[in-house]
Amino acid sequence: MASSQIVTRQIDYSAGSTKLKGMLAVDSAVAGKRPGIVVFGEWWGFNPYLRRRAQDLAALGYAALAADVYGDGVVAADAEEAGRRMNALFADMNATSARIRAAVDTLAQQPEVDSSRLGAMGYCLGGALSLHAARTGLPLRGVASFHGSLGKTHAAKAGDVKAKVLVCHGAEDKLVSTEELAGFREEMNALGVELEFHSYPGALHGFTNPEATANGKKFGLPLAYDAAADRQSWNDSQAFWRRVMA
C-alpha cells in the first residue's frame, strides 16, 4: 500500500458577493473518488488549526475542505474581533446559510470527491454551522460538532434532516447551558434525527484545540485543552465517519 502524501490547494469560491478562500486537503496516494467532508472552524476564522484538521481528515482517506466563512480567508486578531464577526454571521442566517451551501457545493464539485458521500463537521462556531447545515436539509451523510453551540438556528421540520448527527461535548462546558443542552436533545428527538452524543468528563469548551488553554487565560474565557477528550472525540468521530460513509 502506498504511503500517504497529503497535498493541499487553495479553492476560491463565493456566496453572493462574498469571496471565500478555502483549502482542500487530499491524500494523493488514494486512487479514485472518496467521501468529502467540509470542516468549519472556530470563531477565530481561517486559522492554522482549521487547516490542520482538514489535513487530519485527508490522512484518513477523505477529501476535506477547510471552509472560509468570514471571507478572504480572514483570521480574527483577538476575541473582540472574533465575537463581532461571529455575531454578524448569526445576525444574517440567510447569508450564512448561503456560505455553508457554497462550501458543500464546492467540495462536491472537486474531481477527487464522491458527491454522494458528503459530510460536514466543525469546532465551536463550526459545530453550530455544521448542525445548521443538517437542519437546513443539505444532502449530507453526517455532521459532527465538537464543543459547538447547540442552540436552534433554523426551525426544521420532521424529515428535513438528512444527516446522522454526532455531538462531542465537554461535560464542563460553561458556554452551553443545561437548558440549551436539553432543548437540543428534545429538538433532535422531535425531528427523528439519529443522534450520537458523547460527553467527556471534566472537559471545557475548546477541548480539542491545544491553544485553548492559553487563549482562555489571555482573553478571560472558560476554555481549556483536554488531551484525553481530544483523543477520544477524534476516535469517536472516526468511527462515526466510517459508519455513515459506508
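Residues numbered from 1 in each chain as written. Predicted model: local features only at pLDDT ≥ 70, side-chain atom pairs only at ≥ 80, totals over all residues. Heavy atoms only, no water.

A. How the structure looks around helix 2 (residues 79-91). Along its 13 residues, helix 2 runs 18 Å from first to last C-alpha, staying within 8% of the 18 Å computed at 1.5 Å per residue. Those residues of helix 2 that sit buried are A79, E81, A82, G83, M86 and L89. Tucked inside the fold, the buried residues of helix 2 contact helix 3 (93-108), helix 4 (125-135) and helix 6 (212-219). The opening residue of helix 2, the one whose side-chain oxygen lies 3.2 Å from the backbone nitrogen of E80, is D78. (Helix = DSSP H or I, 4+ residues; strand = E, 2+ residues; numbered from the N terminus. Expected span 1.5 Å × (residues − 1). Buried < 20%, exposed > 50% of the residue type's maximum accessible area, 1.4 Å probe, protein only. Contact = heavy atoms within 4.5 Å. Polar contact = N/O pair within 3.5 Å; in protein donor to acceptor, adjacent residues only side chain to side chain.)

B. Representation of the side chain of E42 within the structure. Along the chain, the position of E42 falls in the loop between strand 3 (34-40) and helix 1 (48-59). The side chain of E42 is buried and forms no salt bridge, while R53, the nearest opposite charge, is found at 8.4 Å. What E42 contacts, discounting residues up to four positions off in sequence, is N47, Y49, Y123, C124, L125, H147 and N209. (Lys, Arg positive; Asp, Glu negative; His and termini not counted. Salt bridge = Lys/Arg side-chain N within 4 Å of Asp/Glu carboxyl O.)

C. Structural context of the environment of A77. Mapped onto the fold, A77 is located in the loop between strand 4 (63-66) and helix 2. Using a relative accessible area of 61% as the deciding quantity, one classes A77 as exposed. As a C-alpha pair, A77 and L223 span 146 residues in sequence and 17 Å in three-dimensional space.

D. Layout of the packing of aromatic side chains. Applying the stated rule across the entire model yields 6 aromatic pairs. Between Y123 and F146, the ring centres sit 4.7 Å apart and the planes meet at 15°, which makes this aromatic pair stacked. Linking Y123 in strand 5 (residues 113-123) with F146 in strand 6 (residues 142-146), this pair joins segments that are 23 residues apart in sequence. Residue classification places F146 among the buried positions, given a relative accessible area of 0%. Judged by centre distance (5.1 Å) and plane angle (65°), the ring pair of F240 and W241 falls under edge-to-face. Overall, F240 belongs to the buried group, its relative accessible area being 1%. In textbook terms, an aromatic cluster arises when at least three aromatic residues are bridged by ring pairs, as seen for W43, W44 and F219. Across the ring face of Y70, the terminal group of R85 is positioned such that the distance to the ring centre comes to 5.9 Å. (Phe/Tyr/Trp six-rings, centres within 6.5 Å; stacked < 30°, edge-to-face > 60°. Lys NZ or Arg CZ within 6 Å of the ring centre and 35° of its normal.)

In short, geometric facts, not functional conclusions.
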